[in-house]
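As a plain string of letters, each chain reads:
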Amino acid sequence: MPPSSIELPVASTPVGAEPATHASAQPLPVHPVAPRINPRSAALIVLAVLASLFALQSAREFVVPLVIAVIMAYALDPVVTFLARRRIPRVIGSTLVLLALLTSIVGGAYALRGQAQAIVDQMPEVATKISSSLNTLTGGNGSILDKLRRTAAAIEAAAREPEPRRAVVIERPTNHIGDIIVAGSMSVMAFLGQATMVIFLVFFLLLSGNTFKRKFIKVAGHTLSQKKISVHMLDEINRSIQRYMAMLVITNVALALFTWIAFRWIGLENAGTWAVAAGALHMVPYFGPLIVALCTGVAAFVQFGTIVPTLLTMGSSMAIATIIGSVITTWMTGRIARMNPVAVFIVLLLFTWLWGVWGMLLAIPIALIIKAVADHIEALDTVAEFLGE
């Protein structure tokens, strides 16, 4: 038989069974594969974050005034730009804006100097009443603290062993009051020096205008698309900071006004000073209203001597701060930056740990800047997702 006539064997199909087709084949289940994490890259990222935090904490004397100056320059730049459009040179406009700001601060402090002095004069009386109240609560033979104190004394006396006599050394008492005065003077001088540096830095930033913005765009990217991303990012930072500062001014003024009305209705002395303090400390999220409520509660207790006006004062302060802070400020901040409150609170704790009181004041503006940067850089999508709603 010739080779062309050779036939290959065909598998037979059982009777009654349908031939297998390609369509009847069942696809194999596909399981999602978790992305692999490079341990070396993760370790490098952790080390870089820790090094950055250590550098920020170590250089806070330099970084904090710089951040304050940048935020103030962002907030005051629209006024200087408006004056520049009215053909007023930027050097004159910047000078006028800073002079107006300093004049308003000094004028407000001078107007409230009488009430502030009255609050300072009441501090010895406040300390005396608080001490007497604590002695009333914890004093006596039947109080819990007295029992614990006697128990500790008995244990210490039982465990004490006779010690050999030692030579009595008379030490000259140190001048603690003088040390406190010197430390306070140095702190005041350091604060005045940093404030002066911030004022000059704000002046030069306002005077430069868009110079640094153009320089950043020039060095940030080589292609046109990269430069556009840089422009959008800087514009977003500018809008976020300006809107946030405007929102702070509006809400803090409203809070101070309603606090003054409530304290005047209660009859609390120096209501204007306490209202200004409430408006200023409201810039510190969460902790500021709590500090105001405690201080005003102590002042009300010293003045009235009963618990009802004290609770009424503290309750009105917390109620106004809650309504304006939790409702209006939170809603407006969400509209400005689209950040979730958990991330905001974590950022607040982080910068409070890094810089103390200044960290509490600067945490939200820094979070706004980080959010704006992360939204425009693909490598920071994780940070943007964490901060976003």
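On a predicted model such as this, the values are computed, not experimentally measured, just so you know.

**Looking at the pattern of salt bridges**
Following the criterion strictly, the structure yields four salt bridges and no others. With a shortest N-O distance of 3.2 Å, D77 and R90 are connected by a salt bridge. Residue D77 is located in helix α2 (residues 60–85), and its partner R90 is located in helix α3 (residues 90–111); the two are separated by 13 residues in the primary sequence. The closest approach of N and O atoms between D375 and K371, which form a salt bridge, is 2.8 Å.

**Quick look at unusual backbone geometry**
Phi is positive for R87, close to 65°, though the residue is something other than glycine. Even without being glycine, N270 reaches a positive phi, approximately 55°. Here N270 lies in the loop between α9 (224–266) and α10 (271–281).

**Brief notes about the UniProt feature "transmembrane region" (unreviewed entry) in the chain**
In the UniProt entry, the feature "transmembrane region" (unreviewed entry) is given for residues 62–84, 91–112, 180–207, 244–266, 286–304, 311–332 and 344–370. Here residues 244–266 is 100% helix and 0% strand, with 32 Å between the C-alpha atoms at its ends. For residues 344–370, helix accounts for 96% and strand for 0%, while the C-alpha atoms at its two ends are 11 Å apart.

**Here we look at the nonpolar core**
By size, the foremost hydrophobic cluster in this structure holds 41 residues, and its most contacted members are V202, F351, W355 and L362. Elements supplying a minimum of two residues to this core: α2, α3, α7 (176–208), α9, α13 (341–355) and α14 (357–376). When residues in this core are grouped by element, the largest group, ten residues, is from α2. Each residue touching F351, except ones within four places of it in the same chain, is listed here: G356, G359, A363 and I366.

**A short note on a nonpolar patch on the surface**
A surface patch of nonpolar side chains, about 540 Å² in accessible area, is lined by V91, I92, L96, F200, F204 and L207. Elements with a minimum of two residues in the nonpolar patch: α3 and α7. Considering the arrangement of structural elements, one finds F200 in helix α7.

**Some remarks on the packing of aromatic side chains**
Evaluation of the coordinates by the stated rule reveals two aromatic pairs. An angle of 65° between the planes, with centres 5.6 Å apart, marks the rings of F203 and F204 as edge-to-face. Look at F203 and you get buried, because its relative accessible area is 18%.

**A closer look at the side chain of T259**
Following the sequence through the fold, T259 ends up in helix α9. One polar contact links the side chain of T259 to the main-chain carbonyl oxygen of L255, over a distance of 2.6 Å. The contacts of T259, once residues within four sequence positions are left out, are A275, A278 and I320.

**Things to note about the packing of α13 against α14**
Axis separation between α13 and α14 bottoms out at 7 Å; the angle between their running directions is 140°. As far as their axial angle goes, α14 and α13 are oblique. Read as a crossing pair, α13 and α14 show a hand that is right-handed. Two secondary-structure elements touch here, α13 through V344, V347, L348, F351, T352 and W355 and α14 through V357, W358, G359, M360, L362, A363, I364, I366 and A367. The class makeup of the residues in the contact of α13 with α14 is 13 nonpolar, two polar and no charged.

**Digging into the environment of S58**
By the secondary structure assignment, S58 is in helix α1 (residues 39–58). Residues S58 and W355, 297 residues apart in the sequence, show an inter-C-alpha distance of 9.5 Å. Of the polar contacts made by the side chain of S58, one reaches the backbone oxygen of F54; its length is 2.9 Å.

**Concerning the side chain of T313**
Tracing the backbone through its elements, the reader meets T313 in helix α12 (residues 307–337). Classification of T313 by relative accessible area gives buried; the value is 0%. Contact partners of T313, with chain neighbours within four places excluded, come to F263, I266, L268, T296 and A300.

**Comments concerning the packing of α9 against α14**
Where α9 contacts α14, the axes come no closer than 9 Å and their chain directions differ by 155°. On the basis of their axis angle, the class for α9 and α14 is roughly antiparallel. Helix-helix and strand crossings are classified by hand; for α9 and α14 the assignment is right-handed. Residues I229, H232, M233, E236, I237, S240, I241 and Y244 of α9 form the contact with α14, whose own contacting residues are I364, P365, L368, I369, A372, V373 and H376. Partitioning the contact of α9 with α14 into residue classes produces eleven nonpolar, three polar and one charged.

**A closer look at α14**
Helix length check: α14, at 20 residues, gives a terminal C-alpha distance of 30 Å against a target of 28 Å (1.5 Å per residue), a fit within 8%. If you look at α14, its biggest bend is around 45°, right at A363, and the proline P365 turns up within four residues after that. Within α14, burial applies to G359, M360, L362, A363, I364, P365, I366, A367, L368, K371, A372 and A374.

Rules and cut-offs
Residues numbered from 1 in each chain as written. Predicted model: local features only at pLDDT ≥ 70, side-chain atom pairs only at ≥ 80, totals over all residues. Heavy atoms only, no water. Salt bridge = Lys/Arg side-chain N within 4 Å of Asp/Glu carboxyl O. Helix = DSSP H or I, 4+ residues; strand = E, 2+ residues; numbered from the N terminus. UniProt positions renumbered as here; feature names shortened; annotations may be inferred. Core = buried A, V, L, I, M, F, W, Y, C linked by side-chain atoms within 4.5 Å. Buried < 20%, exposed > 50% of the residue type's maximum accessible area, 1.4 Å probe, protein only. Contact = heavy atoms within 4.5 Å. Patch = residues over 30% accessible without salt bridge, like charges linked within 9 Å, V, L, I, M, F, W, Y side chains within 5 Å. Areas by Shrake-Rupley, 256 points an atom, 1.4 Å probe, with all protein chains shown as cover. Phe/Tyr/Trp six-rings, centres within 6.5 Å; stacked < 30°, edge-to-face > 60°. Polar contact = N/O pair within 3.5 Å; in protein donor to acceptor, adjacent residues only side chain to side chain. Axes fitted to C-alpha atoms, helices over the stretch in contact; angles between N-to-C directions. Parallel < 35°, antiparallel > 145°, perpendicular 65-115°, else oblique. Left-handed = near helix turned anticlockwise from the far one by under 90°. Nonpolar A, V, L, I, M, F, W, Y, C, P; charged D, E, K, R; others polar. Expected span 1.5 Å × (residues − 1). Bend = angle between axes of the 7 residues up to and from the residue.

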